Structures are given as C-alpha cells and as structure tokens.
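Single-letter residue listing:
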Amino acid sequence: MRKYKERILVVVNGNHETRIQRAVGLDPVELLCEDFGIPYESEIATLKVSLRKVSYGSKKRLPFLIVAGHGYSAARTVGGKITANARISEITAHTHQPSVVKQRRMLIDPRNKKILEQDYYIITVPSWLGFEKYARRKFMKPSAGGIAKLHLGFHVKNRGTVYKDIYVEMR
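All values derive from a computational prediction rather than experimental measurement.

K.L.:
Explain the overall build of the chain to me, please; I cannot follow it from the model alone.
P.N.:
Within the chain, the secondary structure is distributed over four helices and nine strands. Ordering the α and β elements of the chain from the N terminus gives β-α-α-β-β-β-α-β-β-β-α-β-β. Here the chain, with 171 residues, has 25% of them falling under the buried criterion. The contacts in the chain between residues at least 6 apart in sequence include a share of 41% that link residues at least 24 apart. Within the structure as shown, the chain displays about 13100 Å² of accessible surface, and the carbon and sulfur contribution to it stands at 55%.

Right, here's the structure in full:
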C-alpha cells in the first residue's frame, strides 16, 4: 500500500476575531486566509476526507468525517474543558489546553435496523498564545504549546473487511 501525505488546512473563526469584527467591521483572520488561499469558516467547519480502499484501480472510497469548531467553555478543569468541547465538535481550540480523548458513540443504521458502535476522538488543539495577561488575571494555568496531527488510514482484515485507522499525534 502506498502512503500519501496530504495536509488539509482550514481556519475556523473564534471569539477574538468576532470581537474585532464587532468593533471595526472586519475580520482580520478572514482577510489573511483570503490572501493566502486558506479555507475559512465563520462558524463550524465540516470536512469529508475520502481514501481509496484498494490500490488496484478500485473506485471505492473510505470516508472520514471531521467537524471542527472554535469551542467555548467557562470550565476551569481540563476534564470540564474536554466535556465542553465535546458538545459541539470533534476538533476545538478555545480552551487552549491540548488533549486527545477517544470516545465511542452509538449510531442507528435504519437500513439494517441495527445499532452500531463507532469510535471517535475529541481533540483540543494547543493555543499559540503564551501566558497572556487575562489568563494570569483569572488565575488560569499557562497554555501548553505544540501541534496536533491527525493521521488517517485503513487496513484490510478477515476476508477483505476494511477498518479505519485513526492516529492522533500531539507534540
């Protein structure tokens, strides 16, 4: 199987950009994204990434669905922040403390009349901010920096059954 590396970049609006937009009528991050040709979403970004299942000319694809939003929370603990981030999307950033949590959810398959189980991840990406004045004033912990990388793939087992491989790297 060949390995392909493709980077997907999308920027989602946050509370600071919204505050600036209300004050001056422009969103500076949206303007920067326009200049650099980066997709920009003002609310929630949804991405569908499809990988080819078989390398022998097959047109069958394996979809990965990703939902990303800025997030919001008044929580003070890391666990509370993860819970708050899980309410709206699978990738968030607002709480600034990086985390990766694997969860499982139930899905209804109406065609086969079954309840299925599916793993998913709640990822909070690290902030680019340091220990800002407002964080010190509110007695918050300094933000841990770094980069979150999401690796998507698949493997074939048991008579051709295809399984998704999702690996999250935080550094």
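K.L.:
Whenever I open this one, the packing of aromatic side chains confuses me. Can you help?
P.N.:
Both the distance between ring centres and the angle between the ring planes are used here to describe each pair of aromatic rings. Overall, the coordinates contain zero aromatic pairs when judged by the stated rule. Taking the ring centre of Tyr-120 as reference, the NZ or CZ of Arg-105 above it sits at 4.1 Å.

K.L.:
Can you walk me through the nonpolar core in this structure?
P.N.:
What tends to happen in soluble globular proteins is that the nonpolar side chains get buried as a cluster. Formed by Val-12, Ala-45, Val-49, Leu-62, Phe-64, Ile-66, Ala-68, Ile-91, Tyr-121, Ile-123, Phe-154 and Val-168, the largest nonpolar core amounts to 12 residues. Those elements that provide at least two residues to this core are strand E3 (44-52), strand E4 (61-69) and strand E7 (114-124). For this core, the leading source of residues is E4, giving four residues. Not counting residues within four places of it along the chain, the set of residues in contact with Ile-91 comprises Ile-66, Val-67, Ala-68, Gly-69, Ile-123, Val-125 and Leu-150.

K.L.:
Where do I start with a nonpolar patch on the surface in this structure?
P.N.:
Together, Ile-20, Val-24, Leu-26 and Leu-31 give the surface a local cluster of nonpolar side chains, amounting to about 350 Å² of exposed area. If you trace the backbone, Leu-26 turns up in the loop between helix H1 (15-24) and helix H2 (28-36).

K.L.:
What is the right way to read the environment of Glu-17 from this model?
P.N.:
Note that Glu-17 resides in helix H1. Sequence-wise, Glu-17 and Val-29 are 12 residues apart; in three dimensions their C-alpha atoms are separated by 6.9 Å.

About the cut-offs
- Residues numbered from 1 in each chain as written.
- Predicted model: local features only at pLDDT ≥ 70, side-chain atom pairs only at ≥ 80, totals over all residues.
- Heavy atoms only, no water.
- Helix = DSSP H or I, 4+ residues; strand = E, 2+ residues; numbered from the N terminus.
- Buried < 20%, exposed > 50% of the residue type's maximum accessible area, 1.4 Å probe, protein only.
- Contact = heavy atoms within 4.5 Å.
- Areas by Shrake-Rupley, 256 points an atom, 1.4 Å probe, with all protein chains shown as cover.
- Phe/Tyr/Trp six-rings, centres within 6.5 Å; stacked < 30°, edge-to-face > 60°.
- Lys NZ or Arg CZ within 6 Å of the ring centre and 35° of its normal.
- Core = buried A, V, L, I, M, F, W, Y, C linked by side-chain atoms within 4.5 Å.
- Patch = residues over 30% accessible without salt bridge, like charges linked within 9 Å, V, L, I, M, F, W, Y side chains within 5 Å.
- Salt bridge = Lys/Arg side-chain N within 4 Å of Asp/Glu carboxyl O.

Structural measurements only, silent on function.
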